[in-house]
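Single-letter residue listing:
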Amino acid sequence: MFGAGGGTSSYQEIEETDCILLWGSNARETHPIFFHHLLKGVRNGAKLYAIDPRRTSSAKWADLWAGLDVGSDIALAHSMAREILASGLEHKDFIAHATSAFDEYRAHVEPWTLERGERETGVPAAVIREIAHAYATAPRATLCWTLGITEHHNAVDNVVALINLSLLCGHVGRYGSGLNPLRGQNNVQGGGDMGAIPDRYPGFQHVEHAPNREKFERAWGVALPPKRGFHLSQMFEAMEHGELDALYVIGENPLRSEADQTRAERLLRSLDCLVVQDILMTGTAAIADVVLPAAAGWCESEGTVTSSERRVQRVRRALPPPPGARDDLDILFDLARRLGKDWGAPHPEAIWDELRSLSPMHGGMSYARLEGQGLQWPCYDENHPGELFLHSRLWERPVPGARAPFSCVDHDPPVERLDADYPLRLTTGRRLEEYNTGVQTAGYASPVRRGEAIEVSPEDASRLGLAEGERVIVRSRRGSVVAPVRIDEALRPGLTFMTMHFPEEVATNLLTIDAVDPRSGTAEFKAAAIRIEPLSSIGAA
């Protein structure tokens, strides 16, 4: 947040805050470790407000559930902000000394009355008012979100709308008050920290800032491109236009995980060279020209891992990789030699120390200091304890550096509108017992596995004459799948739900739309338009 690519708070703080907004996140199933910390906060007296189109299992623990329409998050945030301002609950002192562009923001949200918010979001005005007042008046409050906010065509704007709320109420830069994007997979945070982002070097240093680039060029002894690279969606665009003809995939399964799977497969198969490095034979690996079997990072490798609270911890090899599989570092070092660069022998600690010398926020994190519970970045030198929470500078007078800006963003509904032909909204997500495209979980028996289904509300099941377990055709403008019906009381009329966990059985991403946020590159997995047809319609004229 505010230039730092990580959540502002620590897990400890969620246990001791007064108000929690869980927005677009079913953390009980998708972030269960974090949810244990959240429940400690609830047991310690924090009020929990779940904001989600579905009444998820997380919402069952909430004091109040706000079931908003898919894609109306900005409308809800604006309506909350307008209510806070109309009631005089904004943090005037913090706004005056720590923020900028407030007057423009206040004018921008002024039209968003509670009544307009209810019309646009489906959330009753009284519920919007209650959540707004609870968040604004809480001594400490934490706002958490995940893919329900970011898997939209306007993902960045959604996040900005939430940041505006935190600035409005002064809920950032203090213990127990912050903004926390929960990371979707193990070490996603660490991947970003290490520069697995098209416009950043390690430590979130921008590639187009000449002093940064020159520093890395001196350390690495090569000339580096002066412009940012492609993010994932831009890679597929480049394939479409013949600008990218070779792809090296490490630990990803884009054949199954990308929206509009038909297009993704066509483009991946069109490549001149596709190399996949992974621990299992994924769908992407199955169509690759070269497959490089890799070690499992969590138990067969040495290194570090970084959690959603910016905590870096050591990972130690517990057992050797199976025959034929190699550590990722061994593979990459060997490949470098074959390409004419001898980097010597791969030593994880030496590589980490190189990273520390180039990334100021990791400078004080020696392997010795990472023993035990690890450290949270930023940690600038070996005497620095690491930062429990970020942006405390916003409470200094005067504020050192730039103020935190309010930003005006507009409500923009999902790209794919509902109509008479496709009257149902499909949103996608995950379940506790499965993992992403199923590569790491589907091959194992589980007593709680239910398999894939099209989940519908009781009202829609009755209206469409659907029975539990009945196999139906689910069709979007891009493709169709056959799936059994599961009736779920957590869904409101007009909303359906599926996951991507079983792509070999039910390829959900044949249905999803690849409408992409231009800044983050994230596709709108959360909002497709579908219809449900009886299985007997197959082959019908």
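The text that follows walks through the structure, step by step, so that each part is easy to find.

**Re the overall build of the protein**
Per the secondary structure count, the protein includes 19 helices and 21 strands. For the protein, the C-alpha atoms occupy an extent of roughly 70 × 65 × 45 Å along the three principal directions. Expressed as a percentage of the 541 residues in the protein, the buried residues total 54%. Working note: accessible area of the protein is about 23,600 Å², and carbon and sulfur atoms make up 53% of it. Of the side-chain charges in the protein, 56 are positive and 74 negative, and the distance between the mean point of each set is 2 Å.

**Concerning the environment of Gly469**
Its location among the elements puts Gly469 in the loop between α19 (458-464) and β18 (471-475). The class for Gly469 is partly exposed, based on a relative accessible area of 45%. Along the chain, Gly469 and Arg486 lie 17 residues apart, while their C-alpha atoms are 6.1 Å from each other. Those residues in contact with Gly469, other than ones at most four positions away along the chain, are Pro484 and Val485.

**Brief notes about the pattern of salt bridges**
Opposite charge on two side chains allows them to pair when their charged atoms are near. Enumeration over the complete set of coordinates arrives at 38 salt bridges. Between Asp63 and Lys47 there is a salt bridge, with its nearest N and O atoms 3.7 Å apart. Taken as a pair, Asp63 in the loop between β2 (47-51) and β3 (64-66) and Lys47 in strand β2 lie far apart in primary sequence, 16 residues in all. Taking relative accessible area as the criterion, Asp63 reaches 43% and is therefore assigned partly exposed. On the basis of relative accessible area, Lys47 is assigned to the partly exposed category, the value being 41%. We note a salt bridge from Asp69 to Arg492, for which the minimum N-O separation is 3.1 Å.

**A few points about the environment of Arg314**
Mapped onto the secondary structure, Arg314 falls in strand β13 (residues 311-315). The class for Arg314 is buried, based on a relative accessible area of 16%. In this structure Arg314 touches Glu302, Gly303, Thr304, Tyr367 and Leu370, once residues within four positions along its chain are discounted. Only 3.2 Å separates the side chain of Arg314 from the side chain of Glu302, close enough to count as a polar contact. At 3.0 Å, the side chain of Arg314 forms a polar contact with the backbone oxygen of Gly303.

**Concerning the packing of aromatic side chains**
All told, the structure shown has 10 aromatic pairs when counted by the stated rule. For the pair Phe35 and Trp61, a centre-to-centre distance of 6.5 Å together with 70° between the ring planes defines the contact as edge-to-face. Within this pair, whereas Phe35 is found in helix α3 (residues 32-43), its partner Trp61 is found in the loop between β2 and β3, the two being separated by 26 residues in sequence. Centroid distance Phe102 to Phe406: 5.5 Å. Interplanar angle 55°. Geometry classified as tilted. Of this pair, Phe102 sits in helix α6 (residues 102-109) while Phe406 sits in the loop between β15 (404-405) and β16 (424-429), placing them 304 residues apart in sequence. Among the residues examined, Phe102 registers a relative accessible area of 13% and is labelled buried. Overall, the relative accessible area of 5% leaves Phe406 in the buried class. Stacked on the ring of Phe497, the Lys or Arg Arg54 has its end atom at 3.7 Å from the ring centre. The ring of Trp377 is capped by Arg310, whose NZ or CZ atom sits 5.7 Å from the centre of that ring.

Criteria and thresholds
- Residues numbered from 1 in each chain as written.
- Predicted model: local features only at pLDDT ≥ 70, side-chain atom pairs only at ≥ 80, totals over all residues.
- Heavy atoms only, no water.
- Helix = DSSP H or I, 4+ residues; strand = E, 2+ residues; numbered from the N terminus.
- Buried < 20%, exposed > 50% of the residue type's maximum accessible area, 1.4 Å probe, protein only.
- Areas by Shrake-Rupley, 256 points an atom, 1.4 Å probe, with all protein chains shown as cover.
- Lys, Arg positive; Asp, Glu negative; His and termini not counted.
- Charge placed at Lys NZ, Arg CZ, Asp CG, Glu CD.
- Contact = heavy atoms within 4.5 Å.
- Salt bridge = Lys/Arg side-chain N within 4 Å of Asp/Glu carboxyl O.
- Polar contact = N/O pair within 3.5 Å; in protein donor to acceptor, adjacent residues only side chain to side chain.
- Phe/Tyr/Trp six-rings, centres within 6.5 Å; stacked < 30°, edge-to-face > 60°.
- Lys NZ or Arg CZ within 6 Å of the ring centre and 35° of its normal.

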